[in-house]
Amino acid sequence: MENQDRPIGVFDSGIGGISVLRELYAIMPEEDYIYFGDSVHAPYGTKTLAQVRELTVANVKELLRQGAKGIVVACNTATSAAVRILRNMYPELPLVGIEPALKPAALQPGHPKVLVMATPMTIREEKFQRLVEQYEFDADIIGLPCPGLMEFVEAGNTDGEDLRDFLEDLLAPYLRDIDSIVLGCTHYPFVQRVIQDIAGERVRIFDGGAGTAREMRRRLELAGLRTARAKKGTVLFENSLATEEEIELSRFLFQKK
Ligand code: DGL
C-alpha cells in the first residue's frame, strides 16, 4: 500500500475519542481510520501517571503495527501524561494530542469566567497548569475534576435521568459564577446537550475536537501523507473490550448528531 493511503490511527481510553474521530472524518472523509478504544482499562483519568504512560505507549505501538501513518491521541488524559514521551519515541511521525480548548474560551472579550471540566489527571498535570498560567490574566479559570462522568458515556448513557442528576450536583456550585465551559475530556461532547440544558443557553461551551482534527490535517499535509483518493475512506472500530455490543456502541456514537 502507498504510504499516504495507510490509515490514520486514533485512540482513547474508551469510546470518548469518537467525538474527535467525527471531526477528523468531517474534514478528511477520504482517509481511512482505525479507532482503538481501550475500554477494558478505562477510566485512565483516575489511574497513576506511570499506568497511563504505559497503556498509551502500548496503544500507539499497536496502531503503528497495524500500519497507521499518523496518530491522534484523542484523549486529554493520555496526552497530558504521555505526549512528550511519544514525540521522543517517534520524532518523524505525524502525532497530534488533544488538550482542553482553553485558549478560545479565555480569549473571548470581557474577561470571561471559564469552567474547565476534565479528568482528575488532566487537571492535576503540569501541562494543564501551564495552560492555565498562559491565560490567567485573560480570564477567571476554574479547573473541575469530574471523576465518574466518563463512565456514563462508556455505558452508552448520554441523556438518562441519573446522568442529569450527576451533572446537576457537579455543576450546581459553579453555575452562578461562570459564562463558559470547556469540555476537557473527549467523552464529554456526548453529554454536551445535558450540560447545556443545566447550565442554560447563555453559557458557551468549547471543545477541542475540531481544532485537533485541523491540526492533524496540517501535519499530514506537511509530511506529504494525505491520500490522493477521492472516494470515502473506511472507519474500523477496535476495542480492548472485544464485544459486538462495544463495536455497535462505537458505531452508534460515530453517527450520533
Ligand atoms: N476521554 C479521556 C480524556 O479525554 C479520558 C477519560 C478517562 O479515561 O478517564 O481525557
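See above for the structure.
The shown structure was predicted, so the numbers you read here are calculated from the model rather than taken from an experiment.

Student: Sorry if this is basic, but what is going on with empty space enclosed by the protein here?
Tutor: Empty space among the atoms becomes visible once a probe the size of a water molecule is rolled across them. Applying the stated rule across the entire model yields 3 cavities of 30 Å³ or more. In this structure, the largest cavity spans a volume of roughly 70 Å³. Around the largest cavity, the lining comprises 13 residues; the ones closest to its centre are Ser13, Cys75, Thr77, Thr119 and Cys185.

Student: Explanation requested: the site of the ligand in the structure shown.
Tutor: The environment of the ligand is made up of 13 residues, and the closest members are Ser13, Tyr44, Gly45, Thr77 and His187. Contact distances for the ligand include 2.8 Å between an oxygen atom and a backbone N or O atom of Gly45. Measuring from an oxygen atom of the ligand, one finds a backbone N or O atom of Thr186 at 2.8 Å. Relative to its unbound accessible area of 300 Å², the ligand is 99% covered by the protein chains. More than half of the atoms of the ligand fall within 2 Å of the grid points belonging to the largest cavity. By residue class, the composition of the shell around the ligand is 5 nonpolar, 7 polar and 1 charged.

Student: What am I meant to see in the sheet that holds strand E4 (residues 95-97) here?
Tutor: Strand-to-strand pairing in sheets goes through backbone hydrogen bonds, with the strands running parallel or antiparallel. Within the open sheet, the 5 strands sit side by side as E4-E3-E1-E2-E9. Their pairing is parallel. One side of each edge strand has no neighbouring strand; the edge strands of this open sheet are E4 and strand E9 (235-239). Neighbour-to-neighbour, the strand axes of the sheet open up by a mean angle of 15 degrees, direction not taken into account. Bridge count for strand E1 (residues 8-12) against strand E3 (residues 70-73) is 4 bridges, and the pairing is parallel. Within E3, the position partnered with Val10 by the bridge is Val72. Sitting on the sheet, helix H3 (residues 76-89) touches E1, E3 and E4, and the angle it makes with E4 is about 160 degrees. Packing against the sheet, helix H10 (residues 209-222) makes contact with E1, E3 and E4, and its axis sits at approximately 165 degrees to E4.

Student: What is the right way to look at the packing of H3 against helix H6 (residues 126-135) in this model?
Tutor: How two helices pack is summed up by the angle between their axes together with the distance between the axes. Following both chains from N to C, one finds H3 and H6 inclined at 100 degrees, their axes separated by 8 Å at the closest point. What the angle tells us is that H3 and H6 run roughly perpendicular. Where H3 abuts H6, its residues Thr79, Ser80, Val83 and Arg84 lie against Glu126, Lys127 and Arg130. Of the residues in the contact of H3 with H6, the class split is 1 nonpolar, 2 polar and 4 charged.

Student: In this structure, what is going on with the sheet that holds strand E7 (residues 180-183)? I would like to understand it.
Tutor: Ordered by their spatial adjacency, 4 strands build an open sheet running E6-E5-E7-E8, and the pairing between neighbours is parallel. Each edge of the open sheet carries a strand with a single partner, namely strand E6 (140-145) and strand E8 (204-207). Pairs of neighbouring strands in the sheet enclose a mean axial angle of 20 degrees, with direction left out of account. In terms of strand pairing, strand E5 (residues 113-118) meets E6 through 6 bridges, oriented parallel. Looking at E6, one finds that Val114 is bridged to Ile141.

Student: When you look at the nonpolar core in this model, what are you seeing that I'm missing?
Tutor: A general trend in soluble globular proteins is that nonpolar side chains are found buried together. Grouped together as the largest cluster of nonpolar side chains are 49 residues, with contacts concentrated most on Val10, Leu24, Met117, Leu149, Leu167, Ile181 and Ile195. The element contributing the most residues to this core is helix H1 (residues 18-27), with 5 residues. Contacts of Ile181, omitting those with residues within four sequence positions, involve Leu115, Met117, Ile195, Ala199, Val203, Arg204, Ile205 and Phe206. Grouped together as the second largest cluster of nonpolar side chains are 21 residues, Phe11, Phe36, Tyr44 and Val83 included.

Student: I'm lost on H10 in this one. Help?
Tutor: An α-helical turn contains 3.6 residues, so any two residues separated by three or four positions project in the same direction. Here H10 contains 14 residues, and its C-alpha end-to-end distance of 20 Å stays within 8% of the 20 Å for a straight helix at 1.5 Å per residue. Residues Gly209, Thr212, Ala213, Met216 and Leu220 constitute the buried set of H10. Buried residues along H10 cover an arc of 100 degrees about the axis, so they all sit on one side. As for H10, its buried residues are in contact with E1, H1, E3, E4 and E8. Positioned one or two residues after H10, Gly224 has a phi angle of 65 degrees, which is positive.

Parameters and conventions
Here the residue index of a chain counts from 1 through its sequence in written order. The predicted origin of the model limits local features to residues at a pLDDT of at least 70 and limits the giving and counting of side-chain atom pairs to 80 or more, whereas totals for whole chains, interfaces and linings rest on all residues. Just so you know, side-chain values use all the structure's heavy atoms and leave hydrogens and water out. Put simply, the grid is 1 Å and covers the protein atoms alone, a cavity is a trapped set of points that fit a 1.4 Å probe, a pocket is an open set with protein on both sides within 12 Å along at least five of seven lines, and lining residues have an atom within 4 Å of a point. Grid points are joined across faces, edges and corners, and a volume is the space filled by probe spheres set on the points. The cutoff for a nearby residue is simple: one of its non-hydrogen atoms must lie within 4 Å of the molecule or strand. Any N or O atom pair separated by 3.5 Å or less is treated as a polar contact, with the protein-specific requirement of one donor-capable and one acceptor-capable atom, and with residues adjacent in sequence counted only for side-chain atom pairs. Methods summary: accessible areas were calculated by the Shrake-Rupley approach with a probe of 1.4 Å, and residue burial reflects only the protein chains presented. For this analysis, a molecule is said to be in a pocket or cavity if more than half of its atoms are within 2 Å of the grid points defining it. Residues are grouped as follows: Ala, Val, Leu, Ile, Met, Phe, Trp, Tyr, Cys and Pro are nonpolar; Asp, Glu, Lys and Arg are charged; every other residue, Gly included, is polar. At least two bridges found by DSSP between two strands are what make those strands a pair. Starting at the N terminus, helices and strands are each numbered in turn, a helix being any DSSP run of H or I of at least four residues and a strand any DSSP run of E of at least two. Angles here are taken between N-to-C directions and fall from 0 to 180 degrees, while the axes themselves are lines fitted to C-alpha atoms, restricted in helices to the stretch in contact. Should any heavy atoms of two residues lie within 4.5 Å, those residues are considered in contact. Roughly parallel means an angle under 35 degrees; roughly antiparallel, over 145; roughly perpendicular, 65 to 115; everything else is oblique. In plain words, nonpolar cores are sets of buried Ala, Val, Leu, Ile, Met, Phe, Trp, Tyr and Cys residues tied together by side-chain atoms within 4.5 Å. Between buried and exposed lies partly exposed: a residue is buried under 20% and exposed over 50% of the maximum accessible area for its type, with that area taken using a 1.4 Å probe on protein chains only. Helix span, expected: 1.5 Å multiplied by one less than the number of residues in the helix. Throughout, the arc means the angular range of directions from the helix axis out to the C-beta atoms.

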